[in-house]
Every structure is written in C-alpha cells, then in structure tokens.
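Here's the letter readout for the chains.
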Amino acid sequence: MTILDGKKISNDIKDEITEVVAQMKANGEKTPHLAAVIVGEDGASLTYVGSKVRACARVGFESTLVQLPETITQQQLLAKIDELNNDPEIDGFIVQLPLPKHIDTQKVLLAVDPKKDVDGFHPENFGKLALDMETFIPATPYGIMELLRRYDINTSGKHTVVIGRSHIVGRPISILMSRKGQPGDSTVTLTHSRTNDLASFTKNADIVISALGVPNFLTADMVKQGAVIIDVGITRVPDNAVTKGYVITGDVDYQAVSEKASFITPVPGGVGPMTIAMLLQNTLLARQRSVH
Ligand code: GUN
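Below is a summary of the structure that appears in this document. The shown structure was predicted, so the numbers you read here are calculated from the model rather than taken from an experiment. In this numbering scheme, every chain counts its residues from 1 along its sequence in written order. Residues qualify for local features only when their pLDDT is at least 70, as the model is predicted, and side-chain atom pairs are given and counted only at 80 or more; totals for whole chains, interfaces and linings, by contrast, use all residues. Only hydrogens and water are removed before side-chain values are computed, so all heavy atoms of the structure are retained for them.

Observations concerning the site of the ligand
Phase 1: Near, as used in this document, describes a residue that has one of its heavy atoms within 4 Å of the molecule or strand being considered. In the region of the ligand, the neighbouring residues are Lys52, Val95, Gln96, Leu97, Asp119 and Phe121.
Phase 2: At 2.8 Å, a backbone N or O of Val95 approaches a nitrogen atom of the ligand.
Phase 3: Within the complex, 82% of the 270 Å² of free accessible area of the ligand lies under protein.
Phase 4: All residues other than Ala, Val, Leu, Ile, Met, Phe, Trp, Tyr, Cys, Pro, Asp, Glu, Lys and Arg, Gly among them, are scored as polar; the first ten of these are nonpolar and the last four charged. The residue inventory of the shell around the ligand, partitioned by class, reads three nonpolar, one polar and two charged. Pairs of N or O atoms are called polar contacts if they sit within 3.5 Å, as long as, within protein, a hydrogen donor faces a hydrogen acceptor (for residues adjacent in sequence, only side-chain-to-side-chain pairs). Exposure was quantified through the Shrake-Rupley algorithm and a 1.4 Å probe, taking into account, for residues, occlusion by the shown protein chains and nothing else.

Rendered as structure tokens:
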C-alpha cells in the first residue's frame with residue numbers, strides 16, 4: 001500500500017511555482033495577485049481562506065483578503081466583485097463558499113469575470129471543462145488529477161466510482177475522470193445520497209473518490225482488494241481530548257481500508273493541501289493568460 005502524500009506533492013508544486021515567479025520578477029514582469037473574498041465568520045471557511053492567503057506568500061504571489069460582514073447585501077457583494085473584475089492589479093479571485101442564506105450563490109458566481117475565475121465555478125468555465133476546452137479546473141478535482149498523475153496511477157479503462165455530486169468536487173471529477181487522456185479514460189459511476197445499494201458500486205470499483213462529508217462512511221467491506229482510494233472528506237468532528245476541540249476526519253475508515261487499498265490518501269495531508277497548490281497554479285495561469 002502506498003500513501004498518496006498530498007503534503008509532499010503540494011510542496012513540490014509550490015516549489016515549481018516559486019521558481020516561475022522568481023523568474024517573472026527577475027524579468028521585471030508583474031507578480032501574480034490572488035484575492036479571496038469571505039463573507040461572515042464561519043470558522044472552517046476562515047481557516048481555509050487564511051491558508052490560501054499564506055500559500056500566496058510562500059510562492060511569492062501578492063494576495064488580498066477581502067473580509068465582508070455576514071450582514072452584507074447581495075448588491076454590495078456584487079459591487080465588490082465588479083470592482084475586483086475591473087482591477088488590473090488582481091489576476092484572479094475566489095469567493096469562498098458557502099455564502100450566507102440571503103445571498104444567491106448562482107448570481108454571485110455568474111458575476112465573476114471568467115478570465116479571473118481561478119476556482120473554475122463560472123458556468124462558462126465549467127462548460128469548457130466538460131468540452132475539453134482551455135479553462136480553470138476547480139482546485140480540488142484538479143488536485144486529485146495531479147496526485148494520480150504524479151504517482152503514475154493508471155486510470156485507463158478502470159472503473160472509477162465517485163461518491164457525491166457537489167458542484168465543487170463530485171460533478172467535475174466525474175467529468176475529468178471520463179475525459180480522454182491520462183489521468184482519465186475511466187468508466188465513471190457517479191453515486192450520491194439517492195443511490196440504491198451504494199456498496200454494490202464501490203465493491204466493484206478500481207478507484208473510489210469519496211466527496212460526501214460523512215466521517216468514516218467508506219468501510220473496508222465496501223472496497224475491493226487493491227483499490228485506489230481518494231478521500232476528499234474534511235469534517236470537523238468534536239473531540240475534547242485535543243486543544244482545538246475537534247479533529248479533521250475523512251469519509252474513509254482509514255485504518256481498515258488502508259489494509260485493502262493499493263493507494264490511499266490520508267486526512268489530513270492528502271487532497272486538502274493539493275487544493276491550495278492547484279489554486280495557486282490557476283492564479284499563475286490567469287496571470288500568464290492575461291499577458292498573451
Ligand atoms: N468551499 C469549499 N471548497 C471551496 C473551494 O474550493 N473554493 C471556494 N471558493 N469555496 C469553497
């Protein structure tokens with residue numbers, strides 16, 4: 001069994017980006033600049049956005065954190081997005097999800113200039129992804145593809161079972177794994193909360209990608225010997241034995257499943273750090289594309 005070390009691979013990618021940025025600076029070119037918009041005080045979201053901003057400094061990017069109160073109106077948020085769309089200093093930006101209930105997420109995502117949409121959530125970019133056109137691939141699925149690629153895991157003709165149909169992970173990774181190429185060329189089954197006898201699918205899977213958000217959902221009896229297991233779950237489970245008061249728990253019963261798996265991602269240290277590295281990669285792409 002091989003552990004897919006997302007922490008190490010994400011550091012490799014960050015080192016590669018750092019070199020490119022150093023070269024840009026040496027050439028007197030503009031430095032990539034990412035902005036992150038966060039609305040409200042959700043603890044997990046604040047942590048994720050903080051990590052994204054810190055990662056920018058690590059590779060030599062500029063970054064701007066736009067923190068807005070929970071009470072902001074939709075109109076005020078759309079005005080802020082318009083400002084970022086038109087700011088030549090900002091190469092790419094993200095709006096951290098979820099947004100408060102009184103804000104229409106679809107309207108917000110539609111307002112982002114597709115050229116600056118480094119999350120790849122705008123319908124124009126999502127459509128391009130489905131049609132194999134140049135786009136921004138959403139960071140989490142992009143990170144999974146990059147892990148599979150860098151560990152040289154053969155996905156061609158394999159049966160990939162995705163658990164979860166979210167717009168951020170399940171839906172896009174199901175499209176990417178079925179596309180032509182390596183990684184890709186998989187036969188994909190997309191399962192979700194309404195799937196009958198979900199285990200009957202996972203038991204026959206060569207690759208399982210779980211993006212459900214239910215701790216320890218995938219148990220050893222649900223996977224076949226030698227399967228590749230990608231765990232996208234990052235649920236905070238209360239635990240008074242640790243100072244933070246919670247532990248980050250994946251969708252996979254790691255101890256038992258790792259005994260059957262050929263490759264497996266740990267939580268934390270698997271897909272999570274890859275997401276941040278690929279957001280940086282997309283920001284670099286946004287900068288490079290705006291020059292050409
Ligand atoms: N919330 C959970 N994952 C993501 C992500 O990748 N991007 C944004 N903007 N919000 C998220």
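Focus: the sheet that holds strand E4 (residues 92-95)
Phase 1: Here, any two strands with at least 2 DSSP bridges between them count as paired. Secondary structure elements are taken from DSSP: a helix is a run of H or I of four residues or more, a strand is a run of E of two residues or more, and numbering for both begins at the N terminus. The strand order across the open sheet built from three strands is E3-E2-E4, with neighbouring strands paired in parallel fashion. Each edge of the open sheet is held by one strand with a lone partner, namely strand E3 (62-68) and E4. Neighbour to neighbour, the strand axes of the sheet diverge by 15° on average, direction disregarded.
Phase 2: In this structure, strand E2 (residues 33-39) lies alongside E3, joined through seven bridges in parallel fashion. Bridge pairing in E3 links His33 to Glu62. Every angle, taken between N-to-C directions, lies between 0 and 180 degrees, and every axis is a line fitted to C-alpha atoms, over only the stretch in contact when it is a helix.

Side note on helix H3 (residues 74-85)
Phase 1: A helix is expected to reach a length of 1.5 Å times the quantity of its residues less one. Counted at 1.5 Å a residue, the expected span for H3 with its 12 residues is 16 Å, and the 16 Å between its end C-alpha atoms agrees.
Phase 2: Each residue is placed in one exposure class: buried if its accessible area under a 1.4 Å probe, protein chains only, is under 20% of its type's maximum, exposed if it is over 50%, and partly exposed if it falls in between. Here H3 has its buried residues at Gln74, Leu77, Ile81, Leu84 and Asn85. When H3 is viewed along its axis, its buried side chains cluster within an angular range of 105° and face the same direction.
Phase 3: Two residues form a contact once any of their heavy atoms are found within 4.5 Å. In this structure, the buried residues of H3 make contact with E2, E3, E4 and helix H4 (105-111). Taking the helix axis as origin, the arc is that swept by the directions to the C-beta atoms.

Some remarks on the packing of helix H6 (residues 139-150) against helix H7 (residues 170-178)
Phase 1: Contact pair H6 / H7: the axes reach a minimum separation of 9 Å and the direction vectors enclose 35°. Helix-helix and strand crossings are classified by hand; for H6 and H7 the assignment is right-handed. Across from Pro141, Ile144, Met145 and Leu148 in H6, the residues of H7 making contact are Pro172, Ile173, Leu176 and Met177.
Phase 2: For the contact of H6 with H7, a count of residues per class yields eight nonpolar, no polar and no charged. Crossings are sorted by hand: turned counterclockwise from the far helix by less than a right angle, the near helix makes the crossing left-handed, and turned clockwise it makes it right-handed.

Examining the packing of aromatic side chains
Phase 1: The criterion for an aromatic pair is that two Phe, Tyr or Trp rings (for Trp, the six-membered ring) have centres within 6.5 Å, with stacked assigned to planes under 30 degrees apart, edge-to-face to planes over 60 apart and tilted to the rest. According to the stated counting rule, one finds zero aromatic pairs in the structure shown.
Phase 2: Above the face of the Phe136 ring, Arg289 is positioned so that its terminal group lies 4.7 Å from the ring centre. Two conditions define a charge sitting above a ring: the NZ of Lys or the CZ of Arg must be within 6 Å of the ring centre, and it must be within 35 degrees of the ring normal.

Describing the side chain of Thr265
Phase 1: With respect to the helices and strands, Thr265 occurs in the loop between strand E11 (263-264) and helix H10 (271-291).
Phase 2: The exposure class assigned to Thr265 is buried, which follows from its relative accessible area of 1%.
Phase 3: Setting aside anything within four residues of it in sequence, one finds Thr265 in contact with Leu4, Leu147, Ile229, Ile230, Asp231, Tyr254, Gly270 and Val271.

A look at the pairing of strand E5 (residues 159-163)
Phase 1: Across the five residues of E5, five count as buried, placing the element largely inside the fold.
Phase 2: Residue alternation in E5 divides its side chains into two sets, His159, Val161 and Ile163 and Thr160 and Val162, and both sets are buried.
Phase 3: Across five bridges, the pairing between E5 and strand E6 (residues 187-191) is parallel. Residue pairing for E6: Ile163 is matched across the bridge by Thr191.
Phase 4: Crossovers are marked right-handed if the path from the first strand over the helix to the second runs clockwise, as seen with the strands pointing away from the viewer. As a crossover connection, the stretch from E5 through H7 into E6 is right-handed.

Quick word on the pairing of strand E8 (residues 228-231)
Phase 1: On E8, burial covers both faces: Val228 and Ile230 on one face and Ile229 and Asp231 on the other are all buried.
Phase 2: Inspection of the sheet shows strand E7 (residues 207-210) paired to E8 by four bridges, in the parallel sense. Bridge pairing in E8 links Ser210 to Asp231.
Phase 3: Note that E8 and E11 share two bridges and pair parallel. In the strand pairing of E11, Ile229 is matched with Ile264.

Thoughts on the packing of helix H1 (residues 6-26) against H10
Phase 1: Close contact between H1 and H10 brings their axes to 8 Å; oriented N to C, the two are set at 20°. Between H1 and H10, the angle is such that the two are roughly parallel. For the pair H1 and H10, the crossing hand works out as left-handed. Contacts from Gly6, Lys7, Ile9, Ser10, Ile13, Lys14, Ile17, Val20 and Met24 of H1 reach H10 at Pro273, Met274, Ala277, Met278, Leu280, Gln281, Leu284, Arg287 and Gln288.
Phase 2: Of the residues belonging to the contact of H1 with H10, the class tally is 11 nonpolar, four polar and three charged. If an angle is under 35 degrees, it is roughly parallel; if it is over 145, roughly antiparallel; if it lies from 65 to 115, roughly perpendicular; otherwise it is oblique.

Any link to function would need more than the numbers given here.
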